[in-house]
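Architecture at a glance
So you can see what is in the structure, the chains are spelled out below.
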Amino acid sequence: MYRLSSFIDTTDYRQPMSPVYNQYSRLAADPEHDASKEAERMIYGPLFKTGFIIDYFMRNNEWFGAEQVILTSASSKTAMGLASVAQQNSPGVKRVGLTSPGNVEFVESTGLYDKVCSYDEVAMLSLLPAVVVDFAGNAGLLAKIHEHFSDALKYSCLVGATHIEERGEGGMRAERGLPGPKPTLFFAPDHFVSFFKEHGPVDGGMMIAKTWHGFLSAVDGSVKIEKHSGLEAARTTYLEMVGGHVDPAKGIVIEP
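**Considerations on the nonpolar core**
Met58 and Tyr113 are the most contacted members of the largest nonpolar core, which has 44 residues in total. With ten residues, helix H1 (residues 38–60) is the largest single contributor of residues to this core. In this structure, methionine 58 is in contact with Trp63, Phe64, Val131, Val133, Tyr155 and Cys157, ignoring residues within four places of it in sequence. In this structure, Ile70, Ala143, Phe149 and Leu158 belong to the second largest nonpolar core, which totals 19 residues.

Given below as structure tokens:
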């Protein structure tokens, strides 16, 4: 008997959104699913996929000739996902994580990076040809990276904004005058549409699942999962995260 493995929400008001946000998979047919790792999937899942598709984009462009990738906000889940996929699929590219001084020990403990530096050590980075993937959204930090590498920087990829207070129109204006390549916004949903057109949902899903399970093995034990209940716990946790007060070694799941 045929069983539907996935479906698409075709409700009118959802159609302006990327098709990626309207697709649903049944767990029984999902190669990523592991019932014992549901908490990890809630915490890492969508962010890991962004890391996967960044690595896919970089590999398709032969990493723009770079020998190393600089990842800002290296303790973030998306950066960890990219570092893991690059470790699996692009082992010849050195992975350098940048993070706040207080997070250096945690980032090193993940084993996902070849080198970990604090944000005030940018000037000490090797001038090997590099690409930067900026998850922090800190215009001042990005400027330091561009100024340090200059022509040795082969591509500048803007993904996130974990440093919310450092972003804004003023920061984006400053980015346009930086030495080296112009920072380019990476919109993951569009890249996923192209990815699935090329590989199809089954083969594409298996490619993601393979690296997902590799990621889970790599970070096992790095993040302690905490479970809390209720709307007030969700509100408190959200405000703590926005304020930058949540230890990156914690993964928080809110239950009803």
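There is more to say after this.
**Quick look at the packing of aromatic side chains**
This model, assessed by the stated rule, comprises 13 aromatic pairs. Every member of this aromatic cluster is reached through a ring pair, and the members are Phe52, Tyr56, Phe192, Phe195 and Phe196.

**Points about the pattern of salt bridges**
Across all of its chains, the model carries ten salt bridges by this definition. Across the pair glutamate 32 and arginine 41 runs a salt bridge, and its minimum N-O distance is 3.5 Å. With respect to burial, glutamate 32 and arginine 41 carry one shared label: buried. One salt-bridge network, in which partners are shared between bridges, spans Asp30, Glu32, Arg41 and Lys49.

**Here we look at the sheet that holds strand E8 (residues 184–185)**
Taking strand neighbours across the sheet as the criterion, the six strands line up as E5-E4-E3-E6-E7-E8 in an open arrangement whose pairing is parallel. The sheet is open, and its two borders are formed by strand E5 (115–118) and E8, each paired with just one other strand.

**Remarks on the environment of glutamate 105**
Looking at the element boundaries, glutamate 105 is found in helix H3 (residues 104–110). In sequence terms glutamate 105 and histidine 213 are 108 residues apart; their C-alpha atoms lie 24 Å from each other.

**Thoughts on unusual backbone geometry**
In this structure, glutamate 62 takes a positive phi of about 50 degrees despite not being glycine. Tracing the backbone shows glutamate 62 in the loop between H1 and strand E3 (68–71). A positive phi is found at serine 73, a non-glycine position, where the angle reads about 50 degrees. A relative accessible area of 7% means that serine 73 is categorised as buried.

Basis of the calculations
Residues numbered from 1 in each chain as written. Predicted model: local features only at pLDDT ≥ 70, side-chain atom pairs only at ≥ 80, totals over all residues. Heavy atoms only, no water. Core = buried A, V, L, I, M, F, W, Y, C linked by side-chain atoms within 4.5 Å. Buried < 20%, exposed > 50% of the residue type's maximum accessible area, 1.4 Å probe, protein only. Helix = DSSP H or I, 4+ residues; strand = E, 2+ residues; numbered from the N terminus. Contact = heavy atoms within 4.5 Å. Phe/Tyr/Trp six-rings, centres within 6.5 Å; stacked < 30°, edge-to-face > 60°. Salt bridge = Lys/Arg side-chain N within 4 Å of Asp/Glu carboxyl O. Pairing = 2+ DSSP bridges.

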